[in-house]
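Results of the structural survey
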Amino acid sequence: MTKSMLLAAASAALFGASAAQAITITVTPTLAPNAFGSPSYSGWVANAVQAMYHGYSSYGDPTSPTWFHAQSTVGASQGIVTGFPSWKGFADPGTKFGAAYANELGNRMSFSLRITGDDQQIAIGDLSLVMASSDPDNALGYTFAAGGYNYSTEYQGVLKGADGMLGTGDDVFVTTGPNTQLVDAIVGRGSGNSFAAYCTGCTLAEQQAEINSTASYWTQFGGGTFTGTYSIGGVTGSGTFNITAVPEPATWALMIGGFGLIGATARRRRTMATVTYA
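Residues numbered from 1 in each chain as written. Predicted model: local features only at pLDDT ≥ 70, side-chain atom pairs only at ≥ 80, totals over all residues. Heavy atoms only, no water.

**Topic: the environment of Leu105**
In this structure, Leu105 sits in the loop between helix 3 (93–97) and strand 8 (107–116). On a C-alpha basis, the gap between Leu105 and Phe36 in space is 8.1 Å, while along the polypeptide they are 69 residues apart. Residues in contact with Leu105, not counting those within four places in the same chain, are Asn34, Phe36, Gly37, Ser38, Val81, Thr82, Gly83, Phe84, Pro85 and Ser86. (Helix = DSSP H or I, 4+ residues; strand = E, 2+ residues; numbered from the N terminus. Contact = heavy atoms within 4.5 Å.)

**A look at helix 4 (residues 204–215)**
Here helix 4 is twelve residues long and its end C-alpha atoms lie 17 Å apart, about the 16 Å a rise of 1.5 Å per residue gives. The element helix 4 is extensively covered by neighbouring structure, given that nine of its twelve residues are classed as buried. Listed in full, the buried residues belonging to helix 4 are Gln207, Gln208, Ala209, Glu210, Ile211, Asn212, Ser213, Thr214 and Ala215. (Expected span 1.5 Å × (residues − 1). Buried < 20%, exposed > 50% of the residue type's maximum accessible area, 1.4 Å probe, protein only.)

**Description of the side chain of Thr28**
Structurally, Thr28 can be placed in strand 1 (residues 24–33). Residue classification places Thr28 among the buried positions, given a relative accessible area of 11%.

**Quick word on the nonpolar core**
Judged by nonpolar contacts, the single largest core of 41 residues is most densely connected at Ile115 and Tyr230. For this core, the secondary-structure elements that each account for two or more residues are strand 1, strand 8, strand 9 (128–133), strand 14 (195–197), helix 4, strand 15 (224–232) and strand 16 (235–244). Considering each element in turn, this core owes the most residues, four residues, to strand 8. Each residue touching Ile115, except ones within four places of it in the same chain, is listed here: Ile23, Thr24, Ile25, Ile122, Leu127, Asp184, Ala185, Ile186 and Ile232. Of all hydrophobic cores here, the second largest spans 14 residues; its members include Val45, Val49, Met52 and Ala185. (Core = buried A, V, L, I, M, F, W, Y, C linked by side-chain atoms within 4.5 Å.)

Remember that the coordinates give geometry; whether it matters functionally is a separate question.
In structure tokens, the structure reads:
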């Protein structure tokens, strides 16, 4: 190989590496309201998308369940969706958090995202996600393959306007059409997964016991992690939840009062229901 050929090969390799690195994926772990029934969900989504677009770690009213904010450390009881009113591990959430929370249905650990292509355009149809938890059964593990994501109000493509800059007033947002459309950035509320607690016709004490029993799964491992890794254009970006196994202070009385929650752990290990949301 001649010297000129070597130089050309080196230049091509460098250009290829630069092109790949032009894509940046930022993943923000956050506790989302339950997409299946929580009244705050649509408002939370709007705040999440705005936060990702602007690169903020929080957005909205901190006193409202629609508030978006980064949260990578969660108590085991906080990231559970429910079939009865709850919020961050507490049944009857209106009593603890206020009337605005009274009809919420728990929280899902989610991975909000912001992808920028710099000078390299991207298409949401090429986006994929692998979620994995550290427990031996990978109980929260789930995969969304490329081709499954589409442009919508919840996953928006962004095109630079005439000024050639992202984040300015002339940006164009893509919310419909083929998922093969090329854009300069993608912002979205993100996918997630959580264990689910259901208790039809239960008393308030029984609802709280069901949350605690579900959360107690993590005590046998001393806690754990839950990671979401997005991939597009040969580039990956991850976010991780650190799940602590220590019960919320208000749940100790229930656990000590004879519900046998820790003993239920082994029985629930392979039957834990999860509720994934793309």
